[in-house]
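# Coordinate inspection notes
As a plain string of letters, each chain reads:
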Amino acid sequence: MAEAVIEVEGLRKQYDNIVAVDGIDFSVRRGQVFSLLGPNGAGKTTTVEMLECLRPPSAGRVSILGLDISQGRRIKDRIGVLPQGFNAFALLTVRENVEYFAGMFDAAVDVDELLRWVKLDGRQNELFKNLSGGMKQRVGIATSLVNDPEIVFLDEPTTGLDPSARRDVWRMIGNLRDQGKTVFLTTHYMEEAEMLSDYICIMNHGRIICRGTPREIILEHGGSPVAFVRGAGEKGLRLLQKAFPDAALVEDDLKVTVHNGRRVSEILNLLDAGEAHYDEIVIKKSTLEDVFLRLTGEELMKEGEEDEE
């Protein structure tokens, strides 16, 4: 098993009478994409800001790359940060912006090589203000990599991007992992977390309520698969109710909980024997989003809202 590059024990942050982070524990392994998820106000941003040495903890222990969180300057030299809502100097070019951030470190990477890596080498002379949202986010990722960091913190890196730009960012995150870098990701897009993450912690009300790989979390906390029999109507419902007491009609479709493929065959046999018409049967398995809503009871943040913690 890879070494832990982030270790958190009993981490707590309190503002007067408000406890934003309430004694959490977790560790992040080298080379992982680790996702911290939670509804607005869960404590994610406060947690990340403490790990980035931007806020002091009220209590607990944090080790980043073997260094205590009190050694902020040494830690900052070895991590990269893309903050939520990243912005840069509007009247500087892409290259000038990246060079500016690179100048903050003694050991910066080659800017030309970095621009090629994020596919901005053809846009290096354009003003930042004239870029699309996806291109601006590429600049943000480039600035987070100027010191060749071992850990990269990406806070909501795809919020507000169109599907094509979002998938470009996903590919870059996958490439970072392939290079052996550790990625610490926060996101409100559960599909994104499910696809990219090696390990996930879900926070709510300042505490971690669930942890594991995406598959482990879905298996442990997701419900059984559900079959939707399109167009089966009232006749189909009557045929299934004895064998499937939980069968219900949603408009003209049947919704039936199934536990295995044999139960799906039983549904089809009953409908065929009763000569019930149906258009198709669709099996829906639990997703990370289903689990998130089940555990937190919270709707996901809508596009354009800000995460206030």
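Everything quoted here is computed from the prediction, not taken from an experiment.

The next point concerns the overall build of the chain. Along the backbone of the chain there are 11 helices and 14 strands. For the chain, the spread of C-alpha atoms along the principal axes amounts to about 75 × 45 × 40 Å. When each of the 309 residues of the chain is scored for burial, the buried share is 47%. For the chain, the accessible surface area stands at approximately 15200 Å², while carbon and sulfur atoms represent 46% of it. With 37 positive and 51 negative side-chain charges, the chain shows a separation of 2 Å between the mean positions of the two kinds.

The next thing to look at is the sheet that holds strand β1 (residues 4-15). One open sheet holds the 4 strands; their spatial order is β2-β1-β4-β5, and the pairing between them is antiparallel. A single partner strand is all that each edge strand has here, and the edge strands are β2 (18-29) and β5 (67-68).

On the basis of which strands lie adjacent, the open sheet formed by 6 strands has the order β6-β7-β8-β3-β9-β10 and mixed pairing. What marks the edges here is a single partner per strand, and that holds for β6 (79-82) and β10 (207-212). Pairwise comparison of adjacent strand axes, ignoring direction, gives a mean angle of 15 degrees for this sheet. Note that β6 and strand β7 (residues 151-155) share 4 bridges and pair parallel. The residue of β7 that forms the bridge with Ile79 is Ile151. Contacts from helix α5 (residues 133-144) reach β6 and β7 within the one sheet, and its direction differs from that of β6 by about 160 degrees. Strand contacts of helix α11 (residues 288-296): β3 (33-37), β9 (199-204) and β10, with the helix running at about 30 degrees to β9, the strand carrying the most contacts.

Phi is positive for Cys53, close to 65 degrees, though the residue is something other than glycine. Relative to the assigned elements, Cys53 resides in the loop between α1 (44-51) and β4 (59-64). Judged by relative accessible area, which is 16%, Cys53 ranks as buried. In this structure, Leu65 takes a positive phi of about 55 degrees despite not being glycine. The class for Leu65 is buried, based on a relative accessible area of 12%.

We now examine the nonpolar core. Formed by 34 residues in total, the largest nonpolar core has its most connected members in Val98, Leu120, Val139, Ile141, Val146, Leu154 and Ile173. The dominant element in this core, judged by the number of residues it contributes, is helix α6 (residues 163-178), at 6 residues. Sequence-distant contacts of Ile141, defined by excluding residues within four places in its chain, comprise Leu82, Val118, Val169 and Met172. In terms of nonpolar packing, the next biggest core, distinct from the first, is built from 29 residues, Ile6, Leu11, Leu67 and Ile75 among them.

So, about the side chain of Ser286. On the secondary structure map, Ser286 appears in the loop between β14 (280-284) and α11. Ser286 gets classed as buried once you look at its relative accessible area, which sits at 16%. Engagement of the side chain of Ser286 in a polar contact is seen with the backbone nitrogen of Gly223, the distance being 3.0 Å. Setting aside anything within four residues of it in sequence, one finds Ser286 in contact with Ile218, Gly222 and Gly223.

Taken as a whole, this structure holds 19 salt bridges when the rule is applied. Note that Arg12 is salt-bridged to Asp22, the shortest N-O span being 2.8 Å. One end of the pair, Arg12, is in strand β1; the other, Asp22, is in strand β2, and 10 residues separate them in sequence. Residue Arg12 is classed as partly exposed on the basis of its relative accessible area of 26%.

With that settled, consider helix α9 (residues 233-240). Three or more residues of α9 are buried, namely Gly233, Gly236, Leu237 and Leu240. For α9, the arc enclosing every buried residue in end-on projection is 100 degrees, short of the 170-degree limit, so these residues lie on one face. Buried positions along α9 lie against β12 (248-250), β13 (253-257) and α10 (261-273).

This paragraph deals with the layout of surface pockets. The volume enclosed by the largest pocket comes to roughly 430 Å³. In terms of lining, the largest pocket is formed by 21 residues, of which the most central are Ile79, Gly80, Val81, Pro83 and Phe105. Elements with a minimum of two residues in the lining of the largest pocket: α1, α2 (72-76), β6 and α5.

Once that is clear, we can look at the packing of aromatic side chains. Under the counting rule described, the total for this entry stands at 8 aromatic pairs. With a centroid separation of 5.0 Å and an interplanar angle of 35 degrees, the aromatic rings of Phe34 and Phe184 are classed as tilted. Of this pair, Phe34 sits in strand β3 while Phe184 sits in strand β8 (residues 182-186), and the two are 150 residues apart along the sequence. A residue is classified by how much of its surface remains accessible, and Phe34, at 0% relative accessible area, is buried. Taking the centre distance of 6.2 Å and the plane angle of 85 degrees together, the rings of Phe86 and Phe128 count as edge-to-face. With Phe86 in the loop between β6 and α3 (94-102) and Phe128 in the loop between α4 (111-117) and α5, this residue pair connects regions lying 42 residues apart in the sequence. Residue placement shows Arg166 over the ring face of Tyr189; its charged tip is 3.9 Å from the ring centre.

Reading guide: rules and limits
- Residues numbered from 1 in each chain as written.
- Predicted model: local features only at pLDDT ≥ 70, side-chain atom pairs only at ≥ 80, totals over all residues.
- Heavy atoms only, no water.
- Helix = DSSP H or I, 4+ residues; strand = E, 2+ residues; numbered from the N terminus.
- Buried < 20%, exposed > 50% of the residue type's maximum accessible area, 1.4 Å probe, protein only.
- Areas by Shrake-Rupley, 256 points an atom, 1.4 Å probe, with all protein chains shown as cover.
- Lys, Arg positive; Asp, Glu negative; His and termini not counted.
- Charge placed at Lys NZ, Arg CZ, Asp CG, Glu CD.
- Pairing = 2+ DSSP bridges.
- Axes fitted to C-alpha atoms, helices over the stretch in contact; angles between N-to-C directions.
- Contact = heavy atoms within 4.5 Å.
- Core = buried A, V, L, I, M, F, W, Y, C linked by side-chain atoms within 4.5 Å.
- Polar contact = N/O pair within 3.5 Å; in protein donor to acceptor, adjacent residues only side chain to side chain.
- Salt bridge = Lys/Arg side-chain N within 4 Å of Asp/Glu carboxyl O.
- Arc of directions from axis to C-beta.
- 1 Å grid on protein atoms, 1.4 Å probe; cavity = no way out; pocket = protein on both sides within 12 Å on 5 of 7 lines; lining within 4 Å.
- Points joined across faces, edges and corners; volume = space filled by probe spheres on them.
- Phe/Tyr/Trp six-rings, centres within 6.5 Å; stacked < 30°, edge-to-face > 60°.
- Lys NZ or Arg CZ within 6 Å of the ring centre and 35° of its normal.

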